[in-house]
Amino acid sequence: MPDIEKSSRLAVRLGISQLVAQLLINRGIETEDAAHAYLYPTLNQLHSPFLLYGMEKVVERIRLGMNRGEQIWIFGDYDADGTTAASLLINTFRHLDFPVKPYIPNRFEEDMVEFANALDIDVIITDHHQPRPDALPPAIGLITPKMPESEYPFDGLAGVGLAFKLAHGLMGGGDLDPFLQSQLDLVALGPRINAAGRMETADKVVKLLTGESYDEVVPIAKELDAYQPKAAGSGEQNSGAGSRYD
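Cut-offs used in this document
- Residues numbered from 1 in each chain as written.
- Predicted model: local features only at pLDDT ≥ 70, side-chain atom pairs only at ≥ 80, totals over all residues.
- Heavy atoms only, no water.
- Helix = DSSP H or I, 4+ residues; strand = E, 2+ residues; numbered from the N terminus.
- Buried < 20%, exposed > 50% of the residue type's maximum accessible area, 1.4 Å probe, protein only.
- Pairing = 2+ DSSP bridges.
- Right-handed = clockwise from strand over helix to strand, strands pointing away.

Observations concerning unusual backbone geometry
Link 1 in the chain: Not every positive phi belongs to a glycine, and Asp 97 is a case in point at roughly 60 degrees.
Link 2 in the chain: Looking at the secondary structure, you find Asp 97 in the loop between helix 5 (80-95) and strand 2 (100-103).
Link 3 in the chain: By relative accessible area, Asp 97 is classed as exposed at 70%.
Link 4 in the chain: A positive phi is found at Asp 120, a non-glycine position, where the angle reads about 60 degrees.
Link 5 in the chain: As for its position among the elements, Asp 120 is in the loop between helix 6 (112-118) and strand 3 (124-126).
Link 6 in the chain: Here Asp 120 falls in the exposed class, since its relative accessible area comes to 69%.

As for the pairing of strand 2
Link 1 in the chain: By the bridge criterion, four bridges tie strand 1 (residues 72-75) to strand 2 in an arrangement that is parallel. Each bridged residue has a counterpart across the sheet, and for Ile 72 the counterpart in strand 2 is Val 100.
Link 2 in the chain: This β-α-β element, strand 1 to helix 5 to strand 2, shows right-handed connectivity.

Okay, here's the thing in structure tokens:
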């Protein structure tokens, strides 16, 4: 049941509607300080990426690969979360002046982890889903806040949030420099571009989000904006533009 007295008091103190105050209370945010921090977050509230289980090992392995000049590929999922995560990491390596290759797998046909292992390629996974304890993916590193060993205080990070944490870790994990701050628009991006992921691949989304000039990205944006799914029964996949991404 709604706590009218508590929500009214919180609404008056913060200058918000009683509905918003009640929603905060429903989520366990009941004090004025906690509600203010939730509604008006600052960069000072960011937690260290190294609280995520396995982050130090993953960062060490990536830095070793960079020092050796190994080829690094960024594989991203086809939805809004996956394409923004891939784009953020591509931008990060570009900022670090280390060339990487992006790839968005075919959503119907490819199992990249097993194939990479067969070629003796080390795989690192960032994933916000709950892994099965008895069937962890065969990767040398798995970054997720849902691992039982994780000390990270928030387990609701999206995939792009975990990519941002990895980027933060690669850059030392301290205060956010201007580059990392410039990537926060990708971290907070909405799901409208999800429609592109319902095509066979979403590589054009990654090209859009990692483009470096107006002339480069505008034609891609117009093409994605104009994309229309084929009529039902045509054999093509529906765009799913209104679907939720997680």
